[in-house]
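A closer look at the structure
Given next are the chains, with one letter for each unit.
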Amino acid sequence: MIRLIYLLLLALLVSVSAFGTTIKIATAYPDGTDVVKSLRALDTELRQQTDNRVKLKIYPAGVMGSDDAIRRKMMIGQLDATVSQSSAWTKEFPGLRVYGLPFFFDNFDQVLKARASFDTDILRLAEDSRFKAIGLIDGGMAYAMTQEPAVNLNQLQQQKLWLPADPALLYYASEFNLKAIDLNLSEITTSLQTGSIDGLIAPPAAAITLQWHHSLKYLTNVPVVYSFGVFVISKRSLEDLNEQDRSIMMNLTKLSLSTLDNTMVRQNSRALATLNKLGVTILEPADSEVQILKAQAKLIWKQVIEQGLIPEKLFSSLRTMTHND
């Protein structure tokens, strides 16, 4: 009997080894984008270096739903991993909110300076009992892009805007009486065409990739918020791998994300000029209007810190390093 049990266990181990482990990863990024191409390349590398013991099953283009829907499916074990907008994971990982405060960065040079010093701290704070954030992916600075000019607060308040569903940004929109419309990415193109929304706050590269620029005429040249993605994986799926395969998985994923992040930085740095060439007019608001927006933002930073939405120590260190104030 003992020998029979031993043989059955051995057969089971051989079977598992033969079929390998499939990590199901979903993303709202469309097929053909650099994010999905990077995931497919990662899958190839994983298969090669683990002799097909580890592979990815990739669900692109929102076929598994929005970022929030993907997160919920990961909660119940239906999915194992995702590349999502960071705003979908700020409840689990509050440290992610620090980079995404409205009007925190004045320009992209400040973003690069901050990320060079603080990415490691952000990821270390991005710990949850069920999930692990492996790396961040540049999304670029997000701007207000509209169908009608919006160079002051009054004009912006007349627009029906889609913006990322981050609590700090939504709180900011509420304080300024902005009309924030909640939509999935897949709904934005149709909503722009039908007039359900008049504009959005998003990075220029996203507007180009997702073809939103065809329905937009103006961009207000004030960076509102830094946009970035995050690779999140369930700890359970990592624990299912043996030590060697887990190490390979982590190392290859980190390398893949670093390469992708650098690619996205280059693309996003050129996207504003590209959008202008595609026919979107760049508007320059008066400095007095910009200062109104930024002054209110500082009050909101204080409020979200007091509510415990953002680690105060990390915020203070980052603010001092980027602004010296």
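Throughout this document, residue positions are counted from 1 along each chain, in the order its sequence is written. Only residues with pLDDT of at least 70 get local features here, since the model is predicted, and only at 80 or more are side-chain atom pairs given and counted; chain-wide, interface and lining totals rely on the full set of residues. As a convention, hydrogens and water are excluded, and side-chain values are obtained from all of the structure's heavy atoms.

1. Here we look at unusual backbone geometry
- The phi torsion at F103 lies on the positive side, around 60°, for a residue other than glycine.
- Strands here mean DSSP runs of E at least two residues long; helices mean DSSP runs of H or I at least four residues long; both are numbered from the N terminus. Looking at where F103 falls in the secondary structure, it is placed in the loop between β3 (81-85) and α4 (108-125).
- Relative accessibility thresholds used throughout: buried, under 20% of the residue-type maximum; exposed, over 50%; partly exposed, between the two (1.4 Å probe, protein chains only). Under the relative-accessibility criterion, F103 is labelled buried at 5%.
- Of note in this structure, Q211 is not a glycine but carries a positive phi near 65°.
- Relative to the helices and strands, Q211 resides in the loop between α8 (204-209) and β8 (218-234).
- Among the residues examined, Q211 registers a relative accessible area of 41% and is labelled partly exposed.

2. Let's talk about helix α10 (residues 243-277)
- What a helix is expected to span follows from its residue count: subtract one and scale by 1.5 Å. Given a rise of 1.5 Å per residue, 35 residues ought to cover 51 Å, and the 50 Å separating the end C-alpha atoms of α10 matches this to within 8%.
- For α10, the N-terminal cap is N242; the gap from its side-chain oxygen to the backbone nitrogen of Q244 is 3.1 Å.
- Immediately beyond the C-terminal end of α10, within one or two residues, lies G279, with a positive phi of roughly 110°. Contacts described as polar in this section are N or O atom pairs within 3.5 Å, which, within protein, must combine one atom able to donate a hydrogen with one able to accept it, while residues neighboring in sequence count only if both atoms come from side chains.

3. Notes on the packing of aromatic side chains
- Only the six-membered ring of Trp is used, alongside the rings of Phe and Tyr, when aromatic pairs are assigned; centres must lie within 6.5 Å, and planes under 30 degrees apart are stacked while those over 60 apart are edge-to-face, with the rest tilted. In the structure shown here, the tally under the stated rule is 15 aromatic pairs.
- Residues W89 and F93 carry aromatic rings whose centres are separated by 6.0 Å and whose planes lie at 20° to one another, so their mutual orientation is stacked.
- Under the relative-accessibility criterion, W89 is labelled buried at 0%.
- Given the relative accessible area of 0%, F93 is considered buried.
- Each ring, one from F105 and one from Y226, has its centre 6.2 Å from the other, and the planes form 85°; the classification is edge-to-face. In this pair, F105 is assigned in the loop between β3 and α4 and Y226 in strand β8, connecting sequence segments 121 residues apart.
- Taken together through their ring pairs, the aromatic side chains of Y99, F104, F105, F108, Y226, F228, W301 and F315 make up a single cluster.
- Two thresholds decide whether a charge sits over a ring: the Lys NZ or Arg CZ must be within 6 Å of the ring centre and within 35 degrees of the ring normal. A cation sits over an aromatic face here: R319 above F104, 5.5 Å from the ring centre.

4. What about the side chain of R115?
- Inspection of the secondary structure puts R115 in helix α4.
- Classification of R115 as buried rests on a relative accessible area of 10%.
- Whether two residues are in contact is decided by their heavy atoms, any of which lying within 4.5 Å being enough. Sequence-distant contacts of R115, defined by excluding residues within four places in its chain, comprise Y99, L136, I137, D138, Y226 and D261.

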